[in-house]
Structure formats: structure tokens, C-alpha cells
Amino acid sequence: MKFLVCISNVPDTTTKITFTPDNKEFNKAGVQFVINPWDEYALTRAIELKEAAGGTVTVLNVGEADTEPNIRKALAIGADDAIRVNAAPTDAFFVAEQIAAVAKEGAYDVILMGKESIDYNGFQVHGMVGEMLGIPTVAPAMKLDLNGNTGTLEREIEGGKEIVTVNTPFVASCQQPMCEPRIPNMRGIMTARTKPLKVIAPVGEPPRTQVAEFALPPKKQGVKLIPAETAGDLIKMLRNEAKVI
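Our subject in this report is the structure included herewith. Note that the structure is predicted; figures quoted are calculated from it, not measured.

**Focus: the pattern of salt bridges**
All chains considered together, the criterion is met by 11 salt bridges. Taking the shortest distance from any N to any O, the salt bridge between Lys50 and Asp80 comes out at 3.3 Å. Linking Lys50 in helix H1 (residues 37-53) with Asp80 in the loop between helix H2 (68-77) and strand E5 (81-86), this pair joins segments that are 30 residues apart in sequence. On the basis of relative accessibility, which here comes to 28%, the residue Asp80 falls in the partly exposed class. Each of Arg45, Glu48 and Asp145 takes part in one network of salt bridges that share partners.

**Regarding the nonpolar core**
Residues Val5, Leu43, Val57, Leu112 and Leu153 are the most contacted members of the largest nonpolar core, which totals 34 residues. Going through the elements one at a time, strand E1 (2-6), H1, strand E4 (56-63), H2, strand E6 (110-114), strand E7 (137-147) and strand E10 (170-174) are the ones with two or more residues in this core. Ranked by residue count, the leading element in this core is H1, at seven residues. Not counting chain neighbours up to four residues away, the residues in contact with Leu43 comprise Val5, Val57, Val59, Ala74, Ile77 and Ala79.

**Notes on the sheet that holds E10**
A sheet is described by the order of its strands in space; here nine strands give the open sequence E9-E8-E7-E10-E6-E1-E4-E5-E11, paired in mixed fashion. Edge positions in the open sheet fall to strand E9 (160-167) and strand E11 (197-200), since each of these has one partner strand only. For this sheet, the mean angle separating the axes of adjacent strands, direction not counted, is 30°. Pairing of E6 with E10 involves five bridges; the strand directions are parallel. Across the sheet, Met113 pairs through a bridge with Ser173, a residue of E10. Seen against the sheet, H1 touches E1, E4, E6, E7 and E10 and runs at an angle of roughly 165° to E1.

**Some remarks on the packing of aromatic side chains**
In this description, an aromatic ring pair is defined by two values, namely the gap between the centres and the angle between the planes. All chains considered together, the criterion is met by three aromatic pairs. Taken together, a centroid distance of 4.9 Å and an interplanar angle of 5° make the contact between Phe19 and Phe214 stacked. Here Phe19, found in the loop between strand E2 (9-11) and strand E3 (33-35), pairs with Phe214, found in the loop between E11 and helix H6 (232-240); they are 195 residues apart in sequence, far enough to count as distant. You can call Phe19 buried: its relative accessible area is 19%. Between the NZ or CZ atom of Lys115 and the centre of the ring of Trp38, over which it lies, the distance is 4.5 Å.

**Considerations on the side chain of Thr67**
Relative to the helices and strands, Thr67 is located in the loop between E4 and H2. Take Thr67: its relative accessible area is 6%, and that puts it in the buried class. Looking at Thr67, its side chain comes within polar contact range of the side chain of Asn61, at 2.8 Å. Leave out the neighbours within four places in its chain, and Thr67 touches Asn9, Asn61 and Arg84.

**A closer look at the state of the cysteines**
Applying the stated criterion across every chain yields a total of zero disulfides. Cys174 takes part in no disulfide bond, and the closest cysteine sulfur, belonging to Cys179, lies 7.7 Å away. Residue class for Cys174 comes out buried when judged on its relative accessible area of 0%.

Basis of the calculations
- Residues numbered from 1 in each chain as written.
- Predicted model: local features only at pLDDT ≥ 70, side-chain atom pairs only at ≥ 80, totals over all residues.
- Heavy atoms only, no water.
- Salt bridge = Lys/Arg side-chain N within 4 Å of Asp/Glu carboxyl O.
- Helix = DSSP H or I, 4+ residues; strand = E, 2+ residues; numbered from the N terminus.
- Buried < 20%, exposed > 50% of the residue type's maximum accessible area, 1.4 Å probe, protein only.
- Core = buried A, V, L, I, M, F, W, Y, C linked by side-chain atoms within 4.5 Å.
- Contact = heavy atoms within 4.5 Å.
- Pairing = 2+ DSSP bridges.
- Axes fitted to C-alpha atoms, helices over the stretch in contact; angles between N-to-C directions.
- Phe/Tyr/Trp six-rings, centres within 6.5 Å; stacked < 30°, edge-to-face > 60°.
- Lys NZ or Arg CZ within 6 Å of the ring centre and 35° of its normal.
- Polar contact = N/O pair within 3.5 Å; in protein donor to acceptor, adjacent residues only side chain to side chain.
- Disulfide = S-S within 2.5 Å.

See the structure below:
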């Protein structure tokens, strides 16, 4: 079984977000980047399935050279090799186009990724990849098991969960409680240095979107406490000030 696991390079959740003076780019200065946490579920589950039944796990990242430390971390966790598409991941369609091209050329059986990246939270790439390849997409998957060429997945739906079966090849986006993400050990860190990391050029058209402007959310306003004996004032404030009723 050939697994392709797509990982994103995202700012650590504790990062203080700032933008360039023209508000058109994210300011990377002093920012610690990590593997997208949702992608870690996909990576760990692929490694578990490979260990149980054999196969290979290839990590794919669309990003520039500064993403390689986290690609090496994925190799240290247990992936066999890695591919980096040498391009900035400017929009979801562009990223999906790169993933689909790699997946098609490599004839992968299972393509896994997190349900979304924690920076843009788009929840788009997995569906686009499946459509471009003409194969099923299951999202967001909470469990994944394989029996030969058949995958059984449990996915979250409104008000409950759904269990589906699908034949390979397929795409799945992952979330908890898929598995317990792994921390690389010393042996993994040492062997990761010698595992192959292939850098390839992007394909397809240039990105179709441009950032007009980034803006931080408004600062939280102070809390107003209303005494119980004047609870009627709360309704007036919700109507006249907050304008929510």
C-alpha cells in the first residue's frame, strides 16, 4: 500500500500574528513554524497502517526551502521519503493542483491530509484533490482501517457519525480521535537525515487569487455587568447597542 501524506507548514498556535506594513503578507520574522496539527493525525495513522500491513509512506509539502525542517520531522516520525513542491502555497486550488499531479504520477493508493490547516481553516484542499483525480473523498475522517484494498472510515456528520467503505485509491482528511500523534525519537531523528527528500517544480497555472489585505480581528471590548434587579436594561442594550435583537 502506497500512502501519500500531505503536510502544511503553519505558525505555532502561541505565535503573535503580525503583517507586513502594507498588510498584504504574513510577517514570518521570529515565528516558530510547526507541522499542521491536523496533518499529524494523517501522518501517524498512515505510519500505523504501514507498520501493520506493509507499504510506504511519502510525505508531500507545497512550500519553499524554509519548510524542510518540518519535513525532516515528518521523516523522523516514520515516513519513508518526502517530496517538496518548490512554491509558496498561495491558495487552496494551487496547492490541490500540485498534490493531484504528484499523486497521479506516483500512483498512490491512499492520500491523507488534515481536515484543514490551522492558519487559514479553508477545509477545501481534500475535496479539490479528489475531484481532480476523479476518486472518492471522505471528510472529515475520525477513524480509518484498511482490509486489503478496502478502507473503512468513520466520519463526522451533523448530529452524529457515519461509517463508510471505499476502495482504493481515495482521499481522506483526518481529525481526532484518528490516533495519538507521535513524537520523533532520537533514532528517528538520526535516520531522517539520510532519507530522500525530492524537490520538484510546481505545475499548472499560476495562483488564481491575490491577497487584498490582511487584518487582525477587533480587540475584545470590556464586559458590562448588569445587576439582577435591572435585568430589563440588558434587553435594551442588546437591542440598541449590540443590535443583536
